[in-house]
Amino acid sequence: MEHVKLTKIGMRKSPLNERWVQEVLKDDPSLLGFGDLDVTATERRQPHGGRLDMLLADPETSTRYEVELQLGATDESHIIRTLEYWDTERRRYPQYEHIAVIVAEEITSRFFNVISLFNGFIPIVAIQMTALRLAEDQVSLVFTRVLDHVALGTDEEDKAEPSDRFYWDKRSTKGMMKLVDRIHSMVERQDHGVELKYNKHYIGLVNDGSVNNYVTLIPQKKKLIVRFRIPRSEEVTDMIDAAGIGTLAYDKGFNNYQILIPNKTAFDEHTDLLIDLINIAQPNSTKHTEG
């Protein structure tokens, strides 16, 4: 087998530019490693000046990624600009989860340490991009995540912004809320006294003043997302796959399997699976007293 030598290109001193990188990522946003994202905008104008290089969105999880590109090594202005744009977007659109993404050819040790200080307090990801020449007129971009964001704790329910039933009635549909009530009934059969706790971004569980979100629900117009707090395992994954029910990616931050239910028919078809997942999740739950 013939060995092919790849040549690394310093992009700042080459004809390649940020606009070219944008076009590559517009064609295939999955190169950044966040899955199949939508490109919401490029060169997005900011209220107080400047333009955000790229705004990407995950349509399934309501997560937005504020992406700033940098040829060469990252620097102070790049970090500050990324954080400013992230902060602006999250204030303008608080209904979404926002993650700041720094992309540069080199994440220097000095600035890696600075970025690390924010990690855990500000959801920030650092990605190093490398341009490799495959042939005279062929260039490939490789993106390597060198710093990932950390989901803070597992007691997000204690800090959730409260809401009410009326808010979710408007945000979803009567049909989806009936499915929420059916899930509640399933949970209540084994966890007597448990009630629904309405928050702005999800519906959780509370029992005798203690939040215990081993099951959380996000009713939408066309589907209900049910999340089960279960450590990832081959057995549970195989059980869900065998049922043929719709799913979202496993949420590693909060150890959640995420099930999609589009309508009552699908709910009825998978009732046994939902009950099994509730039974598995409940012993793995952790209670938190509200403050």
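Located above this text is the structure these notes cover.
By convention here, each chain's residues receive numbers from 1 onward along its written sequence. In keeping with the model being predicted, local features are shown solely for residues with a pLDDT of at least 70 and side-chain atom pairs are shown and tallied solely at 80 or more, while totals for entire chains, interfaces and linings include all residues. Only hydrogens and water are removed before side-chain values are computed, so all heavy atoms of the structure are retained for them.

**Q** I keep staring at the overall build of the protein chain and nothing clicks. Help me out?
**A** Summing up its helical and strand segments, the protein chain has 8 helices and 15 strands in all. Should any heavy atoms of two residues lie within 4.5 Å, those residues are counted as being in contact. Considering only residue pairs separated by 6 or more positions, the protein chain has 60% of its internal contacts joining residues 24 or more positions apart. Here, Shrake-Rupley sampling with a 1.4 Å probe gives the accessible areas, and only protein chains in the shown set may cover a residue. If you sum the accessible surface of the protein chain, you get close to 15,500 Å²; carbon and sulfur atoms cover 50% of it. Strands are runs of DSSP state E lasting at least 2 residues, helices are runs of H or I lasting at least 4, and numbering of each runs from the N terminus.

**Q** Teacher, can you tell me more about a negative patch on the surface here?
**A** The patch calculation keeps residues exceeding 30% relative accessible area without a salt bridge and links them within 9 Å when they carry like charges or within 5 Å when they are nonpolar (Val, Leu, Ile, Met, Phe, Trp, Tyr). One speaks of a salt bridge when a side-chain nitrogen belonging to Lys or Arg is within 4 Å of a carboxyl oxygen belonging to Asp or Glu. A residue counts as positive if it is Lys or Arg and as negative if it is Asp or Glu; His and the chain ends are not included. Where a charge lies is defined by one atom per residue type, namely NZ (Lys), CZ (Arg), CG (Asp) and CD (Glu). On the surface, Asp27, Asp28, Asp36 and Asp38 cluster together to form a negatively charged patch. In this structure, aspartate 28 sits in the loop between helix 1 (18-27) and strand 2 (38-45).

**Q** Any chance you could explain the packing of helix 5 (residues 174-190) against helix 8 (residues 271-281) here in plain terms?
**A** Helix-helix packing: each pair is described by the crossing angle between the helix axes and the interaxial distance. In contact at an axis separation of 10 Å, helix 5 and helix 8 are set at 45° when each is read in the N-to-C sense. Classed by the angle they form, the pair helix 5 and helix 8 counts as oblique. Considering the relative orientation of helix 5 and helix 8, their crossing is right-handed. From helix 5, Arg182, Ile183, Met186, Val187, Arg189 and Gln190 reach across to helix 8, where they touch Thr271, Leu274, Ile275, Ile278 and Asn279. Fitted lines through C-alpha atoms serve as axes, helices being fitted only where they are in contact, and the angles separating the N-to-C directions of these axes extend from 0 to 180 degrees. Orientation is classified from the angle alone, with under 35 degrees giving roughly parallel, over 145 giving roughly antiparallel, 65 to 115 giving roughly perpendicular, and any other angle giving oblique. Two helices crossing with the near one rotated counterclockwise from the far one by less than a right angle form a left-handed crossing, whereas a clockwise rotation gives a right-handed crossing.

**Q** Looking at this structure, I do not really get the packing of helix 6 (residues 234-243) against helix 8. What am I missing?
**A** Where helix 6 contacts helix 8, the two axes come as close as 11 Å, and the packing angle between them is 165°. Looking at the two axes, helix 6 sits roughly antiparallel to helix 8. Like other packed secondary-structure pairs, helix 6 and helix 8 cross with a definite hand, here left-handed. Two secondary-structure elements touch here, helix 6 through Val236, Met239, Ile240 and Ala243 and helix 8 through Leu273, Leu277 and Ile280.

**Q** Can you walk me through the environment of threonine 271 in this structure?
**A** Locating threonine 271 in the fold gives a position in helix 8. In this structure the C-alpha to C-alpha distance between threonine 271 and isoleucine 183, which are 88 residues apart in sequence, comes to 9.3 Å. Every residue in contact with threonine 271, bar those within four places of it in the chain, is listed here: Arg182 and Met186.

**Q** Would you explain the packing of aromatic side chains in this entry?
**A** The way to describe two aromatic rings as a pair is by their centre distance and the angle between their planes. Any Phe, Tyr or Trp ring, taking Trp's six-membered ring, that has another such ring centre within 6.5 Å forms a pair; planes under 30 degrees apart are called stacked, those over 60 apart edge-to-face, and the others tilted. Across all of its chains, the model carries 3 aromatic pairs by this definition. Seen in terms of ring centroids, tyrosine 167 and tryptophan 168 are 5.4 Å apart; in terms of plane orientation they differ by 90°. Their pairing is edge-to-face. Relative accessibility under 20% of the residue-type maximum defines a buried residue, over 50% an exposed one, and the middle range a partly exposed one, all with a 1.4 Å probe and only protein chains included. Judged by its relative accessible area of 25%, tyrosine 167 falls in the partly exposed class. Consider the ring centre and the ring normal. A charge sits over the ring if Lys NZ or Arg CZ is within 6 Å of that centre and within 35 degrees of that normal. Lying across the ring of tyrosine 96, arginine 64 places its NZ or CZ 4.0 Å from the centre. The residue whose ring lies beneath arginine 227 is tyrosine 202, and the NZ or CZ to ring-centre distance is 5.6 Å.

**Q** In this structure, what is going on with the nonpolar core? I would like to understand it.
**A** A general feature of soluble globular proteins is that nonpolar side chains tend to end up buried together. Ranked by internal contacts, the top residues of the largest apolar core, which has 39 residues, are Ile183, Val215, Phe228 and Ile261. Excluding residues within four positions of it along the chain, phenylalanine 228 makes contact with Tyr214, Val215, Asn255, Asn256, Tyr257, Ile259, Leu274, Leu277, Ile278 and Ala281. In this text, buried Ala, Val, Leu, Ile, Met, Phe, Trp, Tyr and Cys residues form a nonpolar core when linked through side-chain atoms within 4.5 Å.

**Q** Honestly, helix 2 (residues 76-92) in this entry has me stumped. Any pointers?
**A** Given 3.6 residues per helical turn, the α-helix brings residues three or four places apart onto the same face. The end-to-end C-alpha separation of helix 2 is 24 Å, in line with the 24 Å expected for 17 residues at 1.5 Å each. The set of residues buried in helix 2 consists of His78, Ile79, Thr82, Leu83, Tyr85, Trp86, Thr88 and Glu89. Residue count minus one, scaled by 1.5 Å, sets the expected span of a helix.

**Q** When you look at the side chain of glutamine 220 in this model, what are you seeing that I'm missing?
**A** Along the chain, the position of glutamine 220 falls in the loop between strand 11 (215-219) and strand 12 (224-229). For glutamine 220, the contacting residues outside a window of four places in its chain are Arg171, Ser172, Thr173, Met176 and Ile225.

**Q** Can you walk me through the pattern of salt bridges in this structure?
**A** Where charged atoms from two side chains of opposite charge approach closely, those side chains can pair. Taken as a whole, this structure holds 10 salt bridges when the rule is applied. Among the salt bridges present, the one from lysine 26 reaches glutamate 23, with a minimum N-O distance of 3.7 Å. Remark: glutamate 23 and lysine 26 occur in helix 1; sequence separation between them is 3 residues, near one turn of the helix. Judged by relative accessible area, lysine 26 falls into the partly exposed class, the value being 38%. Taking the shortest distance from any N to any O, the salt bridge between arginine 90 and aspartate 87 comes out at 2.9 Å. With arginine 90 and aspartate 87 both in helix 2, this residue pair falls 3 residues apart, about one helical turn. Here the salt bridges do not stand alone but share partners, grouping Arg44, Glu89 and Arg92 into one network.

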